[in-house]
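# Commentary on secondary and tertiary structure
Listed below, chain by chain, are the residues.
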Amino acid sequence: MVGRRWCARLLGVGLAVAAVGGCSAGPARPARAGTPPVPQSFQAESVARQEFGLLAGGGWAQAWSLWDSSGQQAITQADFVELNTECRPALGVPYVIDQSDKVDQDTVRVDWRQGSQRGSNTVVYTLGSWRFVPDAASLTAYRTGVDRLVTARRAAGSCH
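Here's what I pulled together on the structure shown here. (Residues numbered from 1 in each chain as written. Predicted model: local features only at pLDDT ≥ 70, side-chain atom pairs only at ≥ 80, totals over all residues. Heavy atoms only, no water.)

Let us look at the nonpolar core. Within the largest apolar cluster, 27 residues are counted, with the highest numbers of intra-cluster contacts made by Phe-52, Phe-80, Val-123 and Tyr-142. Elements that contribute at least two residues to this core include exactly helix 2 (41–57), helix 3 (60–65), helix 5 (77–86), strand 2 (107–114), strand 3 (117–126), strand 4 (129–133), helix 6 (136–142) and helix 7 (146–156). The element contributing the most residues to this core is helix 2, with 5 residues. With residues up to four places along the chain from it excluded, the contact list for Phe-52 reads Tyr-95, Ile-97, Val-110, Trp-112, Asn-121 and Phe-132. (Core = buried A, V, L, I, M, F, W, Y, C linked by side-chain atoms within 4.5 Å. Buried < 20%, exposed > 50% of the residue type's maximum accessible area, 1.4 Å probe, protein only. Helix = DSSP H or I, 4+ residues; strand = E, 2+ residues; numbered from the N terminus. Contact = heavy atoms within 4.5 Å.)

Here it is, written out as structure tokens:
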């Protein structure tokens, strides 16, 4: 009987403390209507990992769909798929992200390596989502067209 009373009092005190503690914080403020969510930089690295996984696995159309508008304007999705089908990069070699740094609220820089290759890309927060940005050299190369790029890659021995 004493044990039950003690438990009941303890439960009552716990509920009272919880009730008082819950009231002291005040009501939660709802997000303002029309206020965009704050981008989370860990989501940017997730997009980069997804991009690199797709590239390493041959998912070129899906990889292209993660790009920002500058990348998508440099080469169409169909041409990107054709380029990588005609001059296939090494598949199955994973990309490893060595480091990611938040440049500003809307930009994250990702340093990576794939085998002996190393590079850096950015992921930008635009129109409510994180988008992968192909590096400047790749964008310039894409603008030359698929035929020229395939010829250049074959000459360099980078087709597999």
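Moving on, we come to the state of the cysteines. Tallying each qualifying case throughout the model produces 1 disulfide. Note that Cys-87 is cross-linked by a disulfide to Cys-159, the S-S spacing being 1.7 Å. On the sign convention where negative means left-handed, the S-S torsion of about -100° between Cys-87 and Cys-159 marks this disulfide as left-handed. Highlighted residues: Cys-87 in the loop between helix 5 and strand 1 (95–104) and Cys-159 in the segment after helix 7, separated in sequence by 72 residues. Of the residues examined, Cys-87 reaches a relative accessible area of 1% and is grouped as buried. Taking relative accessible area as the criterion, Cys-159 reaches 23% and is therefore assigned partly exposed. (Disulfide = S-S within 2.5 Å.)

As enumerated under the stated definition, the model contains 9 aromatic pairs in all. Look at Phe-52 and Tyr-95: their rings are 4.6 Å apart centre to centre, the planes differ by 10°, and that puts the pair in the stacked class. A residue pair is termed long-range when its members are at least 10 positions apart, and Phe-52 in helix 2 and Tyr-95 in strand 1 qualify at 43 residues. According to the relative accessible area criterion, Phe-52 is buried, its value standing at 4%. Seen in terms of ring centroids, Trp-67 and Phe-80 are 4.7 Å apart; in terms of plane orientation they differ by 65°. Their pairing is edge-to-face. Taken as a pair, Trp-67 in the loop between helix 3 and helix 4 (69–74) and Phe-80 in helix 5 lie far apart in primary sequence, 13 residues in all. On the basis of relative accessibility, which here comes to 3%, the residue Phe-80 falls in the buried class. (Phe/Tyr/Trp six-rings, centres within 6.5 Å; stacked < 30°, edge-to-face > 60°.)

Now for helix 7. Taken together, the buried positions of helix 7 are occupied by Val-146, Leu-149 and Val-150. Projection of helix 7 onto a plane perpendicular to its axis shows the buried side chains occupying an angular sector of 100°, all on one side. Structural note: helix 7 exposes Asp-147, Arg-148, Thr-151 and Ala-155 on the side pointing more than 90 degrees away from its buried face. Close packing links the buried residues of helix 7 with helix 5 and helix 6. A positive backbone phi angle near 75° is found at Gly-157, which sits one or two residues after helix 7. (Arc of directions from axis to C-beta.)

In total, this model carries 5 salt bridges according to the counting rule given. Linking Arg-49 and Glu-45 is a salt bridge whose minimum nitrogen-to-oxygen distance equals 2.5 Å. Taken together, the residues span about one helical turn, with Arg-49 and Glu-45 both in helix 2 at a distance of 4 residues. The exposure class of Arg-49 is partly exposed, given its relative accessible area of 48%. Judged by its relative accessible area of 19%, Glu-45 falls in the buried class. (Salt bridge = Lys/Arg side-chain N within 4 Å of Asp/Glu carboxyl O.)

By themselves, these figures tell us nothing about what the structure is for.
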